Amino acid sequence: MMPHTTRPNAAPTRFTATSTSTVSSNTIPSSPATATPSPGIAFVSATAPAAATSRKAPLLKLPAAFPAALRSAAGGFLAILLCAALGSLGHVALLMAPFGATCVLAFALPDSPLAQPRNIVGGHALSTAIGLGTMAVCGTHAWSMALAVGLAIAAMQLTRTVHPPAGADPLLVMLSGAGWSFLLAPVVAGSVLIVAIAYLYHRLAAGSSTQRRYPQRWR
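This section reports on the structure supplied with the text. Residue numbering note: each chain is counted from 1, following its sequence as written. Local features in a predicted model are, by the rule used here, given only for residues with pLDDT of at least 70; side-chain atom pairs are given and counted only at 80 or more, and totals for whole chains, interfaces and linings are based on all residues. For side-chain calculations, the full set of non-hydrogen atoms in the structure is used, while hydrogens and water are omitted.

1. Some thoughts on the overall build of the protein
Thought 1: Starting at the N terminus, helices and strands are each numbered in turn, a helix being any DSSP run of H or I of at least four residues and a strand any DSSP run of E of at least two. Looking only at helices and strands, the protein has eight helices and zero strands in total.
Thought 2: When its helices and strands are written in sequence order, the protein yields α-α-α-α-α-α-α-α.
Thought 3: For the exposure calls, accessible area comes from a 1.4 Å probe over protein chains only, and a residue counts as buried if that area is under 20% of its type's maximum, exposed if over 50%, partly exposed in between. Every one of the 219 residues in the protein was classed for burial, and the buried ones make up 28%.
Thought 4: Accessible surface for the protein amounts to roughly 13,800 Å². Of this, 71% is attributable to carbon and sulfur atoms. Here the Shrake-Rupley method, with its probe set to 1.4 Å, supplies the accessible areas, and only the displayed protein chains count as covering residues.

2. Brief notes about the nonpolar core
Thought 1: Residue types Ala, Val, Leu, Ile, Met, Phe, Trp, Tyr and Cys, when buried and joined through side-chain atoms within 4.5 Å, form a set referred to as a nonpolar core. In terms of nonpolar packing, the biggest core is built from 25 residues, with Phe 107, Val 173 and Phe 182 touching the most fellow members.
Thought 2: Of all the elements in the fold, those that place two or more residues in this core are α3 (66-90), α4 (98-108), α5 (117-138), α6 (142-158), α7 (169-176) and α8 (181-206).
Thought 3: No other element matches α8, which puts eight residues into this core.

3. Notes on unusual backbone geometry
Thought 1: Cis rather than trans, the peptide bond between Ala 185 and Pro 186 has omega equal to 20 degrees.
Thought 2: For Pro 186, the position within the fold is in helix α8.
Thought 3: Here His 91, not a glycine, exhibits a phi torsion of approximately 55 degrees, which is positive.
Thought 4: Residue position: His 91 is located in the loop between α3 and α4.
Thought 5: Note on His 91: relative accessible area 75%, which makes it exposed.

4. Structural notes on α3
Thought 1: How far a helix is expected to stretch is found by multiplying one less than its residue total by 1.5 Å. In this model, α3 (25 residues) spans 36 Å end to end at C-alpha, consistent with the 36 Å of a helix rising 1.5 Å per residue.
Thought 2: What α3 keeps buried is the set Ser 72, Gly 75, Gly 76, Ala 79, Cys 83 and Gly 87.
Thought 3: Positive phi appears at His 91, one or two residues downstream of α3, with a value of about 55 degrees.

5. With respect to the packing of α3 against α4
Thought 1: Between α3 and α4, the shortest axis-to-axis distance is 9 Å and the interhelical angle comes to 135 degrees. The pairing of α3 with α4 is recorded here as oblique in orientation. Between α3 and α4 lies a crossing whose hand is right-handed. The segment α3 lies against α4, with Ser 72, Gly 75, Gly 76, Ala 79 and Ile 80 engaging Phe 99, Cys 103, Phe 107 and Ala 108. All axes here are fitted lines through C-alpha atoms, helices being fitted over the stretch that makes contact, and every angle between N-to-C directions spans 0 to 180 degrees. Between 65 and 115 degrees an angle is taken as roughly perpendicular, under 35 as roughly parallel, over 145 as roughly antiparallel, and anywhere else as oblique. Handedness of a crossing is defined here by the sense of rotation of the near helix relative to the far one, left-handed for an anticlockwise turn of less than a right angle and right-handed for a clockwise turn. Residue contacts are defined here by distance: any two heavy atoms, one from each residue, within 4.5 Å place the two residues in contact.

6. A closer look at the packing of aromatic side chains
Thought 1: Aromatic pairs are defined between Phe, Tyr and Trp rings, using the six-membered ring for Trp, whenever the two ring centres lie within 6.5 Å; interplanar angles under 30 degrees are classed as stacked, those over 60 as edge-to-face, and all others as tilted. This model, assessed by the stated rule, comprises two aromatic pairs.
Thought 2: With a centroid separation of 5.7 Å and 75 degrees between ring planes, the pair formed by Phe 107 and Tyr 201 is classed as edge-to-face. In this pair, Phe 107 is assigned in helix α4 and Tyr 201 in helix α8, connecting sequence segments 94 residues apart.
Thought 3: Owing to a relative accessible area of 18%, Tyr 201 belongs among the buried residues under this scheme.
Thought 4: Between Tyr 199 and Trp 218 the ring centres are 5.9 Å apart and the planes differ by 50 degrees, which places this aromatic pair in the tilted class. Residue Tyr 199 is located in helix α8, and its partner Trp 218 is located in the segment after α8; the two are separated by 19 residues in the primary sequence.

Here it is, written out as structure tokens:
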């Protein structure tokens, strides 16, 4: 009698393969291209980043030049305040309208050739002297005021003391009927004081930096 041999059962193998293929086909995720997201999920994902961005957006964005503008404004404020205060204490005028324009150059554009001490003091003194002299010789007329301004412009160019605010000095002198004492105070004394304040202010504001060093030259 021959021994009984058991033949491997192929059915379980076919069942396993079939089961495996069935499970695999059931567990493979669908393609992202064919997947349809839920409307609720799409709504949340679309609105959440926008809400987060709106919460983080700054209420006010200052321009990059704001710090420099603030420093210039503070310098002009300090110069005019000190001129007025010292003039009041000394009972002498140290302010005139063109000094406001001088502060613009001295504190906002300290690197400009027009803002250097020679230009500020020399331009104001020379233009005022020309206005006083023209008024003494020619009187106050439309043509004499125009002549004084023209002579002041030419004189400032020839002496390298061009300072645009000083172009108003002859008009101020002749329209107000100022005397020769006007040349000393407020013109010379006030312009020297503004230069001194600008020198100290820029040294303190700039520290060790040379970007805003004032003056660039003394003569």
